[in-house]
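Spelled out from the first residue to the last, the chains are:
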Amino acid sequence: MDASCPRLPDTVLFEIFLYLDHADVLSVGLVCQQWRAVARDEFLWKELFYRYYRVSRDVPRHPGAVSWYDEFQRLYDTIPCVEVQALKEHNDQVLHLSFSHSGCLFASCSKDCTVKIWSNELDISLQHSSNMRPYNWSYTQFSQFNSDDSLLLVSGVFVGPHNSSSGEIAVISMENFTLLSRVRNKPYDVFGCWLNETNLISGNLHRIGRITSCSVLWLNNAFQGIESENVNVVKRLFKIQNLNASTIRTVMVADCSRYDSPDLLLDYEEQLAASSTCPVFDLGSDSEEEEAKPKPPPEPAVQELPDAGGVPAEHGLQQLFDDIMEGRVGPAMTETELETKVAELFVRNRTKPPEPNLLPTDSNSKTKYLIFTTGCLTYSPHQIGIKRILPHQMTTAGPVLGEERRSDEFFDSLDHVIDIHGHIIGMGLSPDHRYLYVNSRAWPRDCVISDPMQPPPIAEEIDLHVFDLKTMKEVKRALRAHRAYTPNEECFFIFLDVSRDFVASGAEDRHGYIWDRHYNICLARLQHDNVVNSVAFSPVEQELLLTASDDTTIKVWRSPRAVRVRQATRPRPRKLLFSWLMNQKS
């Protein structure tokens, strides 16, 4: 620093940064001189950054940052925390938001049973609204644009005979907003998702016993009413057995081909390794580099997948029945325990083994992962299942029931299972599909589940876990700040979203939350008047965020920097009004 310009105290420096715009600073001579000097003082800005944001000193600077001053400015000035618009066209709870890939449109789903499409221009405006009640829907709950934004998948709750409810998926054309097809979806919280531009995944559920079932995942063509009768419009993907009242829910697809070029590496040692080969990232190789090494991330609990070998299922079942008849099973098994034991023995030699080498080794691989919530101990979703989708499975061509199976491959096994030890209430992928973010409410430590219909109580605090899908390991510590209050039987999905640098989530405490992905710190709380169900970043502008709430509103949030830019581009009528008044007086 220049010796003629004394260092400003941290408190004074911070006040200047917070309350003066750059243009205002430039108009003040002495302050401007000092500002230019301290802006080059990396040590001062580093100390101020760690102190103000309370970041552990084990955490290095963001890999894309040029200086600590720029990092401080980024976290202060680019967080979408300024409310600029409130959309009130829905007349009931708003449950979900989704952007098109271009960022020009977004869709909203609501308990008022409509899906609304909005135009994301300078001021957001309603472009179209589709009412799904004529199709016996109770409400809309989820939507997703296909990869070229030509089609919109809308998922809802369908009211069937005798007021029974399951799910249904509708496909809407974005060209003229016509309904192209409808697909049954059971249970309704499978939601559904796109596999590619024209094929979507839905679910079905078949009961085998009181607490045993089979989930079947189907690949559907979006143009079912248009295709020739000689072309398949549906094909079975996977058939998976469910134990202890669990089911497959919340399906999504991750594209493995994007793993080797992530937007942001969350493992600090991997960041350092990347920086030595990629000059784009500047981790700061001078004296302010961090001394301490980060602690290794905790390993996620991984369930052992059933082995296709061993004692044949028939022999195991016969042995079980013989033991029961001769009184060798003790203590006495309940009906539920007996059903689970029989199902486990049956599935042992009736399940296709998992795919070898789950982790992709070819960066150009067309392999995709099907990711979903599941379980093995109780009905509440407490595990994440991962199943590889091979290239030949990504089309509806071929037999409707999939490739021919042997008798010992009646069910499909999961390729990987992550145990969360809690009730999963939300999942979202990073834009590069490298990281999976999971909202969960933890079970008590060392709890024992003796009845699958009585899951353990769940915490009010929501944990936001992060998993690296390239290594299948948990990275970072769980993020916390948001809360939920409903018990297990009333627990509902709270949607989260991930941008290049931030992750956001709703909560039951009437706020939306934003965290920085690199520093693992909460940056903003976004106020609503009721539960915040969903959040969505613009895919082309992470300084724009939407939040949807039970208070029936959608709020639009922009960063302080974006607000200043928008205000500068708007016309200023005050000078014209002043001139007109002066002319009237004369």
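Values in this document were obtained by computation on a predicted structure and should not be read as measured data.

Thresholds, definitions, all that
All chains use their own residue numbering, which begins from 1 and follows the written sequence. Predicted model: local features are reported for residues with pLDDT of at least 70 only, side-chain atom pairs are reported and counted for 80 or more only, and whole-chain, interface and lining totals are derived from all residues. Excluding hydrogens and water, the side-chain figures rest on all heavy atoms present in the structure. Strands are runs of DSSP state E lasting at least two residues, helices are runs of H or I lasting at least four, and both sets are numbered from the N terminus onward. Buried means the residue's accessible area, taken with a 1.4 Å probe over protein chains only, is under 20% of the maximum for its type, while exposed means over 50%, and partly exposed covers the values in between. Areas reported here follow the Shrake-Rupley algorithm with a probe of radius 1.4 Å; residue values treat only the protein chains shown as occluding. All axes are obtained by fitting lines to C-alpha atoms, using only the stretch in contact for helices, and the reported angles, taken between N-to-C directions, cover 0 to 180 degrees. Contacts are assigned to residue pairs that have any heavy atoms within 4.5 Å of one another. Just so you know the grouping, Ala, Val, Leu, Ile, Met, Phe, Trp, Tyr, Cys and Pro go in nonpolar, Asp, Glu, Lys and Arg go in charged, and all remaining residues, Gly too, go in polar. Under this definition, polar contacts are N or O atom pairs within 3.5 Å; protein pairs additionally need one hydrogen-donor-capable and one acceptor-capable atom, and for neighbouring residues in sequence, both atoms have to be side-chain atoms. UniProt positions are given in the numbering used here, feature names are shortened, and annotations may be inferred rather than shown by experiment. As a per-residue measure, pLDDT reflects the predictor's confidence and takes values from 0 up to 100. For two strands to count as paired, DSSP must find a minimum of two bridges between them. Take the residue count of a helix, subtract one, and multiply by 1.5 Å to get its expected span. Put simply, two rings from Phe, Tyr or Trp (the six-membered ring, in Trp's case) pair if the centres are within 6.5 Å, and we call them stacked under 30 degrees between planes, edge-to-face over 60, tilted for the rest. Think of it as a cone above the ring: NZ of Lys or CZ of Arg counts as a charge over the ring if it is within 6 Å of the ring centre and within 35 degrees of the ring normal. By definition, a salt bridge exists where a carboxyl oxygen of Asp or Glu is found within 4 Å of a side-chain nitrogen of Lys or Arg.

Details of the overall build of the protein chain
Looking only at helices and strands, one finds 10 helices and 31 strands in the protein chain. Burial statistics for the protein chain: of 586 residues in total, 53% are counted as buried. Looking at the protein chain as shown, the accessible area adds up to about 27500 Å², and 52% of this sits on carbon and sulfur atoms.

A word on the packing of helix α4 (residues 42-53) against helix α5 (residues 68-77)
Interaxial distance between α4 and α5 falls to 8 Å at its minimum, and their mutual angle equals 35 degrees. Between α4 and α5, the residues in contact are E42, W45, K46, L48, F49, Y50, Y52 and Y53 and W68, Y69, E71, F72, L75 and Y76, respectively. Residues of the contact of α4 with α5, tallied by class, amount to 11 nonpolar, no polar and 3 charged.

Some remarks on the environment of P80
One can find P80 in the loop between α5 and β1 (82-87). With near-sequence residues (within four places) excluded, P80 lies in contact with F502, I514, L526, F537, Q542, E543, L544, L545, W557, R558 and S559.

Regarding the side chain of H96
Within the fold, H96 resides in strand β2 (residues 94-99). On the basis of relative accessible area, H96 is assigned to the buried category, the value being 5%. From its side chain, H96 meets the backbone nitrogen of S143 in a polar contact 3.3 Å long. Residues within four places of H96 in sequence aside, it is in contact with A107, S108, C109, Q141, F142, S143, F495 and S534.

Brief notes about the UniProt feature "repeat: WD" (unreviewed entry) in the protein chain
When the UniProt feature table is mapped onto this chain numbering, "repeat: WD" (unreviewed entry) sits at residues 87-119 and 525-557. Between the C-alpha atoms that bound residues 87-119 there is a distance of 12 Å. The span itself is 0% helix and 58% strand.

Brief notes about the confidence of the model for the protein chain
In the predicted model, the protein chain carries a mean pLDDT of 80, and the fraction of residues at 70 or more is 72%. Counting interchain partners and residues more than four positions distant, the pLDDT-below-50 stretch residues 275-300 has 41 contacts. Note on residues 302-311: pLDDT under 50 across the span, and 19 contacts to partners over four residues away in sequence or across chains.

A short note on the sheet that holds strand β6 (residues 137-145)
Strands sit in the order β6-β7-β8-β9 across an open sheet of 4 strands; the sheet is antiparallel. Either end of the sheet is taken by a strand with one partner, and the two such strands are β6 and β9 (179-185). The sheet shows a mean angle of 25 degrees between the axes of neighbouring strands, direction not considered. With 6 bridges connecting them, strand β8 (residues 165-173) and β9 associate as antiparallel partners. Residue pairing in the sheet places V171 in a bridge with S181 of β9.

Topic: α4
Given a rise of 1.5 Å per residue, 12 residues ought to cover 16 Å, and the 16 Å separating the end C-alpha atoms of α4 matches this to within 8%. Counting buried positions over the 12 residues of α4 gives 9, a clear majority of the element. Just downstream of α4, R54 is the residue with a positive phi angle, here 55 degrees.

Some details on the packing of aromatic side chains
Inspection of every chain in the model, using the stated rule, returns 19 aromatic pairs. A ring pair is formed by F191 and F493, whose centres lie 5.4 Å apart and whose planes are at 55 degrees; its orientation type is tilted. Separated by 302 residues along the polypeptide, F191 in the loop between β9 and β10 (193-194) and F493 in the loop between β24 (473-474) and β25 (496-498) bring together distant segments of the chain. Residue F191 is classed as buried on the basis of its relative accessible area of 6%. The rings of W45, F49, Y50, Y52, Y53, W68, Y69, F72 and Y519 are connected pair by pair, giving a single aromatic cluster. R184 extends its terminal NZ or CZ atom over the ring of F158, reaching a point 4.2 Å from the ring centre.

So, unusual backbone geometry
With an omega dihedral of -5 degrees, the bond running from K186 to P187 counts as a cis peptide bond. Within the fold, P187 resides in the loop between β9 and β10. Positive phi is not limited to glycine here, since C113 has a value of about 70 degrees. Despite not being glycine, N520 shows a phi value in the positive range, around 60 degrees. Examined against the element boundaries, N520 turns out to sit in the loop between β27 (511-516) and β28 (521-527).

Considerations on the pattern of salt bridges
What the rule picks out here adds up to 19 salt bridges. Across the pair E168 and R184 runs a salt bridge, and its minimum N-O distance is 3.6 Å. Within this pair, whereas E168 is found in strand β8, its partner R184 is found in strand β9, the two being separated by 16 residues in sequence. A relative accessible area of 3% means that E168 is categorised as buried. Accessibility expressed as a relative area gives 47% for R184, which makes it partly exposed. A salt bridge links D501 to R500, with the nearest nitrogen and oxygen atoms 3.0 Å apart.

Describing the environment of N204
Of note, N204 is situated in strand β11 (residues 199-207). Each C-alpha atom of the pair N204 and V190 lies 8.8 Å from the other, and the pair is 14 residues apart in sequence. Those residues in contact with N204 that sit more than four places away from it in its chain are K186, C214, S215, V216 and W218.

Some words on the side chain of S155
By the secondary structure assignment, S155 is in strand β7 (residues 151-159). Since its relative accessible area comes to 0%, S155 is described here as buried. In this structure the side chain of S155 is engaged in a polar contact, spanning 3.0 Å, whose partner is the backbone oxygen of F191. Beyond its immediate chain neighbours, meaning those up to four positions away, S155 contacts W137, T140, Q141, F142, E168, I169, N185, Y188 and F191.

Details of the environment of S173
Turning to its location among the elements, S173 is positioned in strand β8. Sequence-wise, S173 and D149 are 24 residues apart; in three dimensions their C-alpha atoms are separated by 9.2 Å. Each residue touching S173, except ones within four places of it in the same chain, is listed here: S150, L151, T178 and L180.

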